[in-house]
Amino acid sequence: MMDIALSVTLGILFLLCGVAAFFLMMHLWGYPYDKATRTSAAPPGLMRLHRILGWVYVLIYLVMMYEMVPRLWLYQVELPARTVVHLMLGMTIGVILLIKLSIIRFFRHLEEWMPALGVGLLLCTVLLSGLSIPFALREFALASSAVGGGVYSLENRERVARLLPLAGLPEEAPVVELASLDALREGRNVLVRKCVECHDLKTILIRPRSPADWWKTVERMAVKPTFGAAMTERELWTVSAYLVAITRDIQRSVKVRKQAAAEHLETRDALRGLVAAEGATAGAEAVDPARAQEAFETLCTQCHELSDVEAEQPSTSDGIDQLFQRMIDENGMEATEEELRLVKWYMEERFVSPSA
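Residues numbered from 1 in each chain as written. Predicted model: local features only at pLDDT ≥ 70, side-chain atom pairs only at ≥ 80, totals over all residues. Heavy atoms only, no water.

Colleague: Any chance you could explain the packing of aromatic side chains here in plain terms?
Modeller: The description of an aromatic ring pair uses the distance of the two centres, along with the angle that the planes make with each other. For the structure on display, the rule yields 5 aromatic pairs. On the basis of an interplanar angle of 65 degrees and a centroid distance of 6.3 Å, the ring pair of Phe106 and Phe107 is categorised as edge-to-face. For the ring pair Phe296 and Phe351, a centre distance of 6.2 Å and an interplane angle of 50 degrees mean the geometry is tilted. Of this pair, Phe296 sits in helix α13 (residues 289–300) while Phe351 sits in helix α16 (residues 337–351), placing them 55 residues apart in sequence. (Phe/Tyr/Trp six-rings, centres within 6.5 Å; stacked < 30°, edge-to-face > 60°. Helix = DSSP H or I, 4+ residues; strand = E, 2+ residues; numbered from the N terminus.)

Written out as structure tokens, the structure reads:
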């Protein structure tokens, strides 16, 4: 699978080559041209540069098609609209290139078509790049903004190692090894090669999940019929680990969108019964402080960094209830009644002032 950085680099280079070749072509066509001998008075150096740009453009196109075309055979659902347009533009570029090369090699009497074909090629190139480069840059930005500066950073891998035991993986799964650099890279390859056979990546990553939810989702998807080979146990484990590794980034992206949308929504009037019930969350029964702290850290760090959680805590009991409600509604938090009771007790003891 092509690396994100390499994919972005090739896409930008493809666009730059296309734009440079087009405007250089327009410049070269301004020089006198002898139709009888089919020679131009343009400087040989510029002619050579135009030829080099053209072949670099063709080479990048072939590399990208080699990467993308085989994957089309594996899609089992109707392609998203953006993917369909992307595919049509890619095929159109291929047809135009074939026509241009045919004219250059065999049909020189049709050279007058070249400027029009160049305009069509530039238009398709710009549209194709506009559909792909921003999304590739976004994926690259998300990967780079993870804990420690990247999904594969030591700090983020340590976070994954702490969370994977909570995912409910089989006993034989090498939990420690799954948080390694190589295993996480394997997981991303599984995600972008096999998971997209049935799902668009946007669908897969639309909302954050807990480690246990990711594992349940991967297990459920693995038993569905497929045109290709079934996923191995190793692939199920590695893709689950990678999804856990990027969950914080997904949560951050969702949070930004929710904050923008929240400006146009009214505050919810009622809390869910489980959160609002005093007996469920704030009972006066004896609580083990160590258990309460463990529940707080375990539940909150499934989607957030502990330092971020502790820095933005409500100072009232009602605020804690509202926080629980928001995490349930917006982030899909799942917790038992006992976990909520312990976490609320811990938060009230630590963050709520006696006068509140």
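From this point, the narrative continues.
Colleague: Help me understand α13 in this model?
Modeller: Every α-helix carries 3.6 residues per turn, so stepping three or four residues along brings you back to the same face. Across its 12 residues, α13 extends 16 Å between first and last C-alpha, which sits within 8% of the 16 Å expected from 1.5 Å per residue. When α13 is considered as a whole, its buried residues turn out to be Ala292, Ala295, Phe296, Leu299 and Cys300. Around the axis of α13, the buried residues are gathered within 105 degrees of arc, so they sit on the same side. Those residues of α13 that are exposed and angled more than 90 degrees off the buried face are Ala290 and Glu294. (Expected span 1.5 Å × (residues − 1). Buried < 20%, exposed > 50% of the residue type's maximum accessible area, 1.4 Å probe, protein only. Arc of directions from axis to C-beta.)

Colleague: Teacher, can you tell me more about the confidence of the model for the chain here?
Modeller: The predicted structure's coordinates, where accompanied by low pLDDT, should not be read in detail. Within the chain, residue pLDDT values average 75, and 68% of them lie at 70 or more. Helix α12 (residues 278–281) is the least confidently modelled element of the chain, averaging 46 in pLDDT, while helix α6 (residues 175–178) averages 88, the highest of any element. Across residues 263–271, where pLDDT falls below 50, the model places 5 contacts with residues more than four positions away in sequence or in other chains. Contacts of residues 278–284 to residues separated by more than four positions or lying in other chains number 18 contacts, the stretch itself having pLDDT below 50. (pLDDT = per-residue confidence, 0-100. Contact = heavy atoms within 4.5 Å.)

Colleague: Looking at this structure, how should I read the nonpolar core?
Modeller: Residues Leu164, Leu169, Leu178, Val239 and Leu243 are the most contacted members of the largest nonpolar core, which totals 25 residues. If you list the elements that add at least two residues to this core, you get α5 (154–163), α7 (181–193), α9 (211–222) and α10 (233–262). Considering each element in turn, this core owes the most residues, 9 residues, to α10. Contact partners of Val239, with chain neighbours within four places excluded, come to Gly187, Val190, Leu191, Cys195, Val218 and Met231. Judged by nonpolar contacts, the second largest core, of 23 residues, contains Phe14, Ala21, Leu53 and Ile96. (Core = buried A, V, L, I, M, F, W, Y, C linked by side-chain atoms within 4.5 Å.)

Colleague: So what exactly am I meant to see when it comes to a nonpolar patch on the surface here?
Modeller: On the surface, Ile12, Leu16 and Leu137 cluster together into a nonpolar patch covering about 250 Å² of accessible area. Considering the arrangement of structural elements, one finds Leu16 in helix α1 (residues 4–28). (Patch = residues over 30% accessible without salt bridge, like charges linked within 9 Å, V, L, I, M, F, W, Y side chains within 5 Å. Areas by Shrake-Rupley, 256 points an atom, 1.4 Å probe, with all protein chains shown as cover. Salt bridge = Lys/Arg side-chain N within 4 Å of Asp/Glu carboxyl O.)

Colleague: So what exactly am I meant to see when it comes to the packing of α13 against α16 here?
Modeller: Two packed helices can be described by the angle between their axes and the distance between those axes. α16 packs onto α13 with a crossing angle of 105 degrees between their chain directions and a minimal axis gap of 8 Å. When the interaxial angle is binned, α13 and α16 end up roughly perpendicular. The segment α13 lies against α16, with Pro289, Arg291, Ala292, Gln293, Ala295, Phe296 and Leu299 engaging Glu338, Leu342, Val343, Trp345, Tyr346, Met347 and Phe351. Here the residues of the contact of α13 with α16 sort into 11 nonpolar, 1 polar and 2 charged. (Axes fitted to C-alpha atoms, helices over the stretch in contact; angles between N-to-C directions. Parallel < 35°, antiparallel > 145°, perpendicular 65-115°, else oblique. Nonpolar A, V, L, I, M, F, W, Y, C, P; charged D, E, K, R; others polar.)

Colleague: Sorry if this is basic, but what is going on with the pattern of salt bridges here?
Modeller: Inspection of the entire model under this criterion finds 6 salt bridges. Two residues, Arg108 and Glu111, come together in a salt bridge whose shortest N-O distance is 2.4 Å. Judged by its relative accessible area of 33%, Arg108 is partly exposed. Ionic contacts of the salt-bridge type, sharing partners, join the residues Glu177, Glu186 and Arg234 into one network.

Colleague: Would you explain the environment of Ala161 in this entry?
Modeller: Summarising the element assignment, Ala161 is placed in helix α5. What makes Ala161 partly exposed here is its relative accessible area of 32%. Counting along the chain gives 15 residues from Ala161 to Val176, while the straight-line C-alpha distance between them is 6.0 Å.

Colleague: Explain α5 to me, please; I cannot follow it from the model alone.
Modeller: Where α5 is concerned, the buried positions are Asn156, Arg159, Val160 and Leu163. Viewed end-on, α5 has its buried residues packed into an arc of 100 degrees, placing them on one side of the element. For α5, exposure combined with an orientation more than 90 degrees from the buried face picks out Leu154 and Arg162.

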